Structure formats: structure tokens, C-alpha cells
Amino acid sequence: MKAPVGSKLTERDVTPEAIYLNRRQYLKASAVGAAALMAPALKASEAAPSVDPAPLWLQSQNKQASSSPFSTTEKLTPYEYVTGYNNFYEFGTGKDDPEKKGQDFKPHPWQVTVSGLAEGTGTFDLEDLLKGLAVEERIYRLRCVEAWSMVIPWLGVPMAALLKRLKPLSSARYVAFETVYRPEEMPGQGSFFAAIDYPYVEGLRMDEAMHPLTLMATGVYGRSLPNQNGAPLRLVVPWKYGFKSIKSIRKITFTDRQPQTTWEKANAREYGFYANVNPAVDHPRWSQAEERRLPSTLFASNRVPTLPFNGYADAVAGLYQGMDLTKYY
Ligand SMILES: Nc1nc2c(c(=O)[nH]1)N[C@H]1C(S)=C(S)[C@@H](COP(=O)(O)O)O[C@H]1N2
Ligand SMILES: [Mo]
């Protein structure tokens, strides 16, 4: 966005958050909208680039987002945390590595390869894959297994809508996702000391994938996804620990077997396939009863109790009826 000539407002003053809040003033008034409008604007020094580098088709699809009744009215985590405190090991294990080292990554053009137990297999341009799907804004809590959390205004399409157009066969019981493998653009993938195997892989049971809360995110804070958040396409499953929400998805596979997942492969005792947020099942090395809601500082740690299924139990607990959640963690 260009400031008018003579205006004192510089490009750096117009933060994505400010643009986002402005845009929201035109959205129909709602409880959700009112809460988001109260989020504090960022200082210019904290501003991120206001230019959305995504292709126009994606910008316009994201801009038409409607708000969703699934959104929480909790205070949003500021843009600088959502895009500056990340886990994306492909770019390094430090929380600021994804923002710092992710800038050479090229999320466009992008293709997604669909395989396995579905009619709609093949390799598709992202634009064709998303064409005609209505983008929604979903403000969700994100709870990392490391016991911090955020409230993030995602943009995206319901996963069910996307998967249905790929026509899974009735024999498909799981869907697996794979992150792109590009060591030349992702320094963590080439690292000799890599903490995990690449490409990063994740998966969901079909009923979890088709659940209305499950989102294929295409944006955040009113713009397309920054690289560090998993551009151009990432999963968001709000009732599960953050590591299930795989970024920069290049492959989707329908299968009848429970797929392997990256963190389970790395340490099955500590990270399971289900990974439902559960304050009653501690991580072997730390408690999961509480979380630090970011921003959190030494003197204001902002600890809040962790809720079963991250507060989405009413909507999803039924998916796990009769399962021993201490065994299927
Ligand atoms: N490909 C890939 N996806 C990933 C990760 C990763 O390292 N690689 N980290 C996961 C973890 S642990 C979390 S908490 C979330 C963080 O998402 P955010 O940085 O957008 O908040 O991404 C998840 N998706
Ligand atoms: Mo995480």
C-alpha cells in the first residue's frame, strides 16, 4: 500500500495488523469483529513489510474472507509474535530463525501432488486447487507442545471442502501431508545436525480431517501467509498440539493405514500420532497443565490453564469416544 504524496504516514507505519484492522471496520459488526478491533495497533518500529507478495489471485481470494462463528473472541497475539516467534525447523530451530532465514523461500508458483485412495489424484497448480473455495477467517488458539500459546487470525478454506473436491474413496481412512523438500531454500533441511527427518510429514484420521474446525490456511492477519508461517498452504488443527499443523504442504495422500508423522518418528514416547491437547497427560519432561499465552515476559508470564482439546472439547471430544487418551496421546 502506498502512502499518498505529502502524507506523513510512511510505508513502515502501515503494519499488516493496521491494514487488517482497517479492513475489518468494513466487515459487518459482530462480537468477533469488535474483539479484534480492540487489539492494539503495533508501533512503527515493530512493523513488518506492508506489501503482500502473493499473486493477485490469492490476495483477492483471501481479501474476500468471511468471518466464522468458530472464531474465539480472545485478544489476538500481536502480528510480530505470530510472524516472529515460530517453529519451522526447515529454517532452523531458533524461534527467530524462520523469519530471518525464511526470506529466500519461494512459495509461488506452487503445486500440490495428490495421490492414493482418491479419484482426484494428480499434480495441481495451487490456484486450480483452491479455485472457487470460499476463504474464511478463523481466529483460533494455537497450543504448542512446548507449553506456549497464541491466538491467531487465520484465513483459509475448510479442509473438508478441499478434500471433498479430490473425491476420496470410501477405503481412505487417513490423509497424510508432506512439506516441500528444498534444501537449497531451507537451510535446516540440509543441516548435518538436523533434529528431525525431512521432508516433514503429518497425518490425520479422515474424520479429523473432515471435521469443520480443520482448516487449510492460506493467510493470516488479513494477508497471505508469510514464509515463516508455512506459505503458501498449511494445515491448522486447533485442538491438537501445534506440531500437527504442518506447513508449506506439497503432497496430500489418502491411505488406509495410519501414516507416520515426523515427531512420532523422532521420539514416539514423547510425541504421538493423535497429539490432542490434554492438560491431564503430561509430556514426559514437563507438565501440560498450563501454558504461557504470548506475549509472555519474565515479570508477566501470563500463565493460563490448558484446556482439554485446547478448549474445543464440545466440538471434537466425540471423535475420541471410548479411546484411552493416555495411550493414544
Ligand atoms: N513443516 C513444518 N511444519 C511445522 C513445524 C515444522 O518445524 N516444520 N513446526 C510445527 C510446530 S511445533 C508448531 S507449534 C507450528 C507453529 O506454527 P506457527 O509458527 O505458524 O505459529 O507449526 C508446526 N508445523
Ligand atoms: Mo509446537
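Residues numbered from 1 in each chain as written. Chains lettered and ligands numbered in written order. Predicted model: local features only at pLDDT ≥ 70, side-chain atom pairs only at ≥ 80, totals over all residues. Heavy atoms only, no water.

(A) Quick peek at the site of ligand 1. Around ligand 1, 17 residues are found, and the nearest of them are Asn86, Tyr89, Glu90, Arg234 and Lys247. A distance of 2.8 Å separates a nitrogen atom of ligand 1 from a polar side-chain atom of glutamate 90. Note that an oxygen atom of ligand 1 is positioned 3.0 Å from one of the side-chain N or O atoms of asparagine 229. In the complex, the protein chains occlude 98% of the 530 Å² of accessible area that ligand 1 would expose alone. The cavity where ligand 1 resides is the largest pocket. When grouped by side-chain class, the residues that make up the shell around ligand 1 number eight nonpolar, six polar and three charged. (Near = heavy atom within 4 Å. Polar contact = N/O pair within 3.5 Å; in protein donor to acceptor, adjacent residues only side chain to side chain. Areas by Shrake-Rupley, 256 points an atom, 1.4 Å probe, with all protein chains shown as cover. 1 Å grid on protein atoms, 1.4 Å probe; cavity = no way out; pocket = protein on both sides within 12 Å on 5 of 7 lines; lining within 4 Å. Sits in = over half its atoms within 2 Å of the grid points. Nonpolar A, V, L, I, M, F, W, Y, C, P; charged D, E, K, R; others polar.)

(B) Quick look at the pattern of salt bridges. Counted under the stated rule, the structure contains 15 salt bridges. Lysine 101 is the salt-bridge partner of aspartate 97, the closest N and O atoms lying 3.5 Å from each other. With aspartate 97 and lysine 101 both in helix H5 (residues 97-101), this residue pair falls four residues apart, about one helical turn. For lysine 244, the salt bridge goes to glutamate 202, with nearest N and O atoms at 2.7 Å. On the criterion of sequence distance, the pair formed by lysine 244 in the loop between strand S10 (234-236) and strand S11 (249-255) and glutamate 202 in strand S7 (residues 201-205) is long-range, its members being 42 residues apart. Salt bridges linked by common partners bring Glu74, Arg141, Arg143, Glu291 and Arg293 together as one network. (Salt bridge = Lys/Arg side-chain N within 4 Å of Asp/Glu carboxyl O. Helix = DSSP H or I, 4+ residues; strand = E, 2+ residues; numbered from the N terminus.)

(C) Local environment of the confidence of the model for the chain. Taken over all residues, the pLDDT of the chain has a mean of 89, while the share at 70 or more is 85%. Here residues 1-15 is a poorly scored stretch, pLDDT under 50, and it has 18 contacts once near neighbours within four places are set aside; other chains count. (pLDDT = per-residue confidence, 0-100. Contact = heavy atoms within 4.5 Å.)

(D) Main features of the sheet that holds strand S2 (residues 111-116). The five strands lie next to each other as S3-S2-S11-S6-S7, forming an open sheet whose pairing is mixed. Each edge of the open sheet is held by one strand with a lone partner, namely strand S3 (122-125) and S7. Averaged over neighbouring strand pairs, the angle between their axes works out to 20 degrees when direction is ignored. Across five bridges, strand S6 (residues 174-179) lies against S7 in antiparallel orientation. In the strand pairing of S7, alanine 176 is matched with glycine 203. (Pairing = 2+ DSSP bridges. Axes fitted to C-alpha atoms, helices over the stretch in contact; angles between N-to-C directions.)

(E) Inspection of the packing of aromatic side chains at higher detail. In total, this model carries 15 aromatic pairs according to the counting rule given. Between tyrosine 140 and tyrosine 312 the ring centres are 5.8 Å apart and the planes differ by 80 degrees, which places this aromatic pair in the edge-to-face class. Of this pair, tyrosine 140 sits in strand S4 (residues 136-143) while tyrosine 312 sits in the loop between strand S13 (303-305) and helix H11 (313-316), placing them 172 residues apart in sequence. Note on accessibility: tyrosine 140 and tyrosine 312 belong to one class, buried. Taken together, the aromatic side chains of Tyr174, Phe273, Tyr274, Phe309, Tyr320 and Tyr328 make up a single cluster linked through ring pairs. Here the basic side chain of arginine 141 rests over the ring of tyrosine 312, its NZ or CZ set 4.5 Å away from the ring centre. (Phe/Tyr/Trp six-rings, centres within 6.5 Å; stacked < 30°, edge-to-face > 60°. Buried < 20%, exposed > 50% of the residue type's maximum accessible area, 1.4 Å probe, protein only. Lys NZ or Arg CZ within 6 Å of the ring centre and 35° of its normal.)

(F) How the structure looks around the nonpolar core. Grouped together as the largest cluster of nonpolar side chains are 78 residues, with contacts concentrated most on Trp154, Val175, Phe177, Met216, Trp239, Ile252 and Phe254. Per-element tally for this core: the top contributor is strand S5 (residues 148-158), with seven residues. When residues no more than four places from it in sequence are discounted, the contact partners of methionine 216 are Leu155, Gly156, Val157, Met159, Leu162, Phe177, Leu233, Arg234, Leu235, Ile249 and Ile252. (Core = buried A, V, L, I, M, F, W, Y, C linked by side-chain atoms within 4.5 Å.)

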